[in-house]
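Coordinate analysis (summary)
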Amino acid sequence: HHWCELIPQATMTLNMLRPCRQNPALSAWEALFGAFSFDATPLAPPGTLTFVHEKPTKRASWAARATQGWYVGPAPNHYHCVQVAMKQTGAVRVTDTVTYKHHNQQIPTITPTDRI
């Protein structure tokens, strides 16, 4: 039920792709807000499976270190943070430490011969 939260990233992406009417050398986003910093505001495909790192102060010592969720969009008011819809609670969380797992990318596994 988080479809409405994907609209800001869709709007942002379309404005970055669309040229400005007054100056076609600039994107509409750049004409309105200045150059977009991908370092400060990372973007990912909406709905990407993510694993959010649980800070040591917020979890028990033997608890899971990551919680599953789905990428919702950037958090433009926070440096290098993204919004993630958490699987367990359904709430949207702003986090700075996230790992993306794309459905086409396989996570490498360690075989017993690799450990030697």
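Scroll up to find the structure this text is about.
Residues numbered from 1 in each chain as written. Predicted model: local features only at pLDDT ≥ 70, side-chain atom pairs only at ≥ 80, totals over all residues. Heavy atoms only, no water.

Focus: unusual backbone geometry
Which entries qualify depends on this criterion: The helix and strand labels rest on DSSP assignments: H or I over at least four residues marks a helix, E over at least two residues marks a strand, and numbering proceeds from the N terminus.
Despite not being glycine, His80 has its phi angle at roughly 55°, a positive value. Along the polypeptide, His80 turns up in the loop between β2 (66-74) and β3 (82-86).

Points about the environment of Met12
Inclusion rule: Each residue is placed in one exposure class: buried if its accessible area under a 1.4 Å probe, protein chains only, is under 20% of its type's maximum, exposed if it is over 50%, and partly exposed if it falls in between. Residues are treated as being in contact if the distance between any of their heavy atoms lies within 4.5 Å.
Along the chain, Met12 falls in helix α1 (residues 7-17). Relative accessible area serves as the criterion here: at 6%, Met12 is assigned to the buried category. Taking the C-alpha atoms as reference points, Met12 and Trp29, 17 residues apart in sequence, are found 7.2 Å from one another. Ignoring anything within four residues of it in the chain, the contact list for Met12 reads Trp29, Phe36, Leu43 and Pro74.

What about the packing of aromatic side chains?
To keep things clear, this is the line we draw: Think of it this way: a Phe, Tyr or Trp ring, Trp meaning its six-membered ring, pairs with another when their centres are within 6.5 Å, and the plane angle makes it stacked under 30 degrees, edge-to-face over 60, tilted otherwise.
Applying the stated criterion across every chain, the model contains four aromatic pairs. Residues Trp29 and Phe33 carry aromatic rings whose centres are separated by 4.4 Å and whose planes lie at 45° to one another, so their mutual orientation is tilted. Of this pair, Trp29 and Phe33 both sit in helix α2 (residues 28-33), separated by four residues, roughly a single helical turn. Assessed through its relative accessible area of 16%, Trp29 is described here as buried. Centroid distance Phe36 to Phe38: 4.6 Å. Interplanar angle 75°. Geometry classified as edge-to-face. An aromatic cluster of at least three residues, connected via ring pairs, comprises Trp29, Phe33, Phe36 and Phe38.

Here we look at the side chain of Thr50
For Thr50, the location among the structural elements is in strand β1 (residues 49-53). Apart from the residues within four sequence positions on either side, Thr50 is in contact with Thr67, Gln68, Gly69, Trp70, Tyr71, Val84, Val98, Thr99 and Tyr100.

With respect to the pattern of salt bridges
This is how the line gets drawn: Counted as salt bridges are all cases of a side-chain nitrogen of Lys or Arg within 4 Å of a carboxyl oxygen of Asp or Glu.
Applying the stated rule across the entire model yields two salt bridges. Measuring nitrogen to oxygen at the nearest pair gives 3.1 Å for the salt bridge that ties Glu54 to Arg93. Of the two residues, Glu54 sits in the loop between β1 and β2 while Arg93 sits in strand β4 (residues 92-95), which places them 39 residues apart along the sequence. We classify Glu54 as buried; its relative accessible area is 12%. Notably, a salt bridge pairs Lys55 with Asp96, separated by 3.0 Å at the nearest N-O pair. Here Lys55, found in the loop between β1 and β2, pairs with Asp96, found in the loop between β4 and β5 (98-101); they are 41 residues apart in sequence, far enough to count as distant.

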